[in-house]
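Letter by letter, the chains look like this.
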Amino acid sequence: MAIESNVTSNNFWQMPQQWWRKKIVPVIANLKFAIALVLIIAVLSITGTVIEQGETPAFYQANYPEHPALFGFVTWKVIQVIGLDHVYRTWWYLGLLVLFGISLMTCTFTTQLPMLKSARKWKFYDNPKFFQRLALSAEIDDRDLVALTAQLAVKKYKIFTEGDKVYARKGLVGKIGPIVVHIGMILTLLGGVWGAMTGFVAQEMVPSGTTFQVKNILDAGPLSNRQIPKDWSVKVNRFWIEYTPLGTIDQFYSDLSVVDNTSQKELDRQTIHVNKPLKYQGVYYYQTDWSISGVKIQLNNSPIFRLPMAQLGDGVQNRIWGTWIPTKPDLSEGVSLLAKDLQGTLLVYDTKGQLFSSVRAGNSIEINGVTLKIIDLIGATGLQIKADPGIPIVYLGFGLLMLGVVMSYFSHSQVWAVTKDGKLYLGGRTNRAQVVFEREMIEIIDRLQTGEAKAKGEVMPTAVG
C-alpha cells in the first residue's frame, strides 16, 4: 500500500509540471505572444507620454472634465482610477514588463540556448546521400581532404577532422547574438522595473540663501524611501539669470552646496544650469524654473526688511511678482512694488493704482514723505529632483542589446565533406547571407576542380579533432 501511495503522490506532482511544460511554456515562449506584449506595452507607454504624469487632482479635473469627455470616455475620474496619471508605476504596467521579461527568458532557455548548444557540437557524415539534402553540395573526382581543408582555412573556418571526414564552421557568434539581445532586453526591463520601484521625482522652489531637504515629492516608488536624502541637505548659495542684449533670458544658474546635516560640513559644491545637473549619491538636481521670492528694502533709516513677493496670475510667458509696502505705521497708506524679472527694475504704484515711478535695486525714491530704498531682489531657483537607480541597468541593457544586434548579423556557416570510393563529397549550409555563402562554396569547388590549391603548394593546417 505504501508503494502505491508514493506512486500516486509522484503522479500528482508530475501532472501539473507536465501540463505547465506542454501548455503554458510554449505559449509564453511563442514569438507572436511576445510581439503582442510589445505592442500593448508600446500603446500604454504612448498613453503615459500623451497624458501628463504626476500632476495634482485639480489639474486633471481642469484638463480632463467629464463633459465633454476626451474621446468620449477619458475623464479625470478614469485617469485616476486606472492610474493613467502615473502609468509607469502602476501594477499592471510593471506586471506587463515582468511578463515580457519572463517570455524572453523562457524563449532563451527553451529555444536559443539549445540552438547554440547544437551549433557548438560537430557531427561527421560518411553517407553520400546526406550531402544531397544540403542547400549546396558537390561531388568531385580524385580529390583528397588536404586541399579542401587548406581552402577552408583561408576562408577562416574552424576545422574538425576524423579520418576521411571533415566538418568546418564559422560565425558561431551569430548564434550567440540573439541570446545577447534577449539578455539586453531583460536587463532593460529589469532596470525599468527597479527604477519605477525605487526612484522618485520631486519639485522645489528655493530662495537664494536657503538650505532645504526634499519634501515636495510628486511621484515615488514603494521602495524609494532609501533614495530620498536624509543625512544631507542642499543649500542654494545663489541663484541668478543671465540675459541677452535684447532683455530675454539666456541661462539660469544656481550655486548649490551639499551640506552634512550633523556636522554642517560642505560635502560638495557645484554651479548648475539647464542640462547640467548636480549629482550626489545617485540623486540629480536639475535647473528647471525660477521665481522672485522677495525684495529687501529700507524705509528712511530703518533696519533692512525682507518682504515676500507673490506671483500675480498664472501666466508663464509674462509673469509678474508683487508686494505691498506700508509707508505709515497705521498701515493707512502704502505702495505696491511690481517686478517681472531679476534685472533689478521695479515699478512703484500708489494707493490709487497709478504708476508713481520706477526704481532699480540699489536706488531710492521719495513717496508719501518716506525714503524707500530697494536693496536687492531675491531670486528663487526651481529645481526638479530625481533619483532612478535603474538607469545604470538600463544603460547596460541597451549596450548589450546593440552588441547583440551587431553579433546577429554574422552568418553561421557549416561545411561537411567525406572521401569515399575515390570521390570527394562536399556540402554546406548557412543561416543567412545565402548568396555570399554560395559564392564562397563555388569558389572553393572551382579551385578544387582545377587543382589550383595543389598547384600553389598549399599545405593542410593543423586540424582539431
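Keep in mind that what you see is a predicted model, and the values were worked out from it rather than measured.

(A) Seen up close, the overall build of the protein chain. A tally of helices and strands in the protein chain yields 11 helices and 21 strands. The C-alpha atoms of the protein chain give a radius of gyration of 37 Å, which is well past the 23 Å a tight globule of 465 residues would have. The principal-axis extent of the C-alpha atoms belonging to the protein chain is close to 125 × 75 × 55 Å. For the protein chain, the exposed surface amounts to about 26,700 Å²; the carbon and sulfur share of it is 58%. Once the 46 positive and 37 negative side-chain charges of the protein chain are each reduced to a mean point, those two points are 7 Å apart.

(B) Up close: the packing of aromatic side chains. With the rule as written, the count across this model stands at 16 aromatic pairs. For the ring pair Tyr-125 and Trp-416, a centre distance of 5.8 Å and an interplane angle of 70 degrees mean the geometry is edge-to-face. Here Tyr-125 is found in the loop between α5 (91-120) and α6 (128-132), whereas its partner Trp-416 is found in strand β20 (residues 413-420), with 291 residues between them in sequence. Since its relative accessible area comes to 4%, Trp-416 is described here as buried.

(C) Seen up close, empty space enclosed by the protein. Summed over the entire model, instances satisfying the criterion amount to one cavity of 30 Å³ or more. Empty space within the largest cavity amounts to approximately 30 Å³. Residue lining of the largest cavity: Phe-212, Gln-213, Val-214, Pro-229, Trp-232, Ser-233, Val-234 and Tyr-285, and that is the complete set. Looking at the lining of the largest cavity, its residues break down into six nonpolar, two polar and no charged.

(D) Summary view of a nonpolar patch on the surface. Nonpolar side chains collect at one region of the surface, where Val-98, Ile-102, Met-105, Phe-109 and Leu-113 lie side by side and expose about 430 Å² of accessible area between them. With respect to the helices and strands, the residue Ile-102 is situated in helix α5. Since its relative accessible area comes to 35%, Ile-102 is described here as partly exposed.

(E) Here's a closer look at the pattern of salt bridges. Counted under the stated rule, the structure contains 11 salt bridges. Residue Glu-66 is joined to Lys-77 by a salt bridge in which the shortest nitrogen-to-oxygen separation is 3.7 Å. Residue Glu-66 is located in the loop between α3 (57-63) and α4 (76-82), and its partner Lys-77 is located in helix α4; the two are separated by 11 residues in the primary sequence. With a relative accessible area of 41%, Lys-77 lands in the partly exposed category. In this structure, the salt-bridge partner of Arg-269 is Glu-266, at a minimum N-O distance of 4.0 Å. When its relative accessible area of 42% is taken as the criterion, Glu-266 is described as partly exposed.

(F) Geometry of the sheet that holds strand β5 (residues 211-212). The four strands are arranged β5-β7-β8-β9 in an open sheet whose pairing can be described as antiparallel. This sheet does not close on itself; its edge strands, each paired only once, are β5 and β9 (266-272). As judged from the two bridges shared by β5 and strand β7 (residues 232-243), these two strands associate in the antiparallel manner. Bridge pairing in β7 links Phe-212 to Val-234.

How each quantity is defined
- Residues numbered from 1 in each chain as written.
- Predicted model: local features only at pLDDT ≥ 70, side-chain atom pairs only at ≥ 80, totals over all residues.
- Heavy atoms only, no water.
- Helix = DSSP H or I, 4+ residues; strand = E, 2+ residues; numbered from the N terminus.
- Rg over C-alpha atoms; globule rule 2.2 N^0.38 Å.
- Areas by Shrake-Rupley, 256 points an atom, 1.4 Å probe, with all protein chains shown as cover.
- Lys, Arg positive; Asp, Glu negative; His and termini not counted.
- Charge placed at Lys NZ, Arg CZ, Asp CG, Glu CD.
- Phe/Tyr/Trp six-rings, centres within 6.5 Å; stacked < 30°, edge-to-face > 60°.
- Buried < 20%, exposed > 50% of the residue type's maximum accessible area, 1.4 Å probe, protein only.
- 1 Å grid on protein atoms, 1.4 Å probe; cavity = no way out; pocket = protein on both sides within 12 Å on 5 of 7 lines; lining within 4 Å.
- Points joined across faces, edges and corners; volume = space filled by probe spheres on them.
- Nonpolar A, V, L, I, M, F, W, Y, C, P; charged D, E, K, R; others polar.
- Patch = residues over 30% accessible without salt bridge, like charges linked within 9 Å, V, L, I, M, F, W, Y side chains within 5 Å.
- Salt bridge = Lys/Arg side-chain N within 4 Å of Asp/Glu carboxyl O.
- Pairing = 2+ DSSP bridges.

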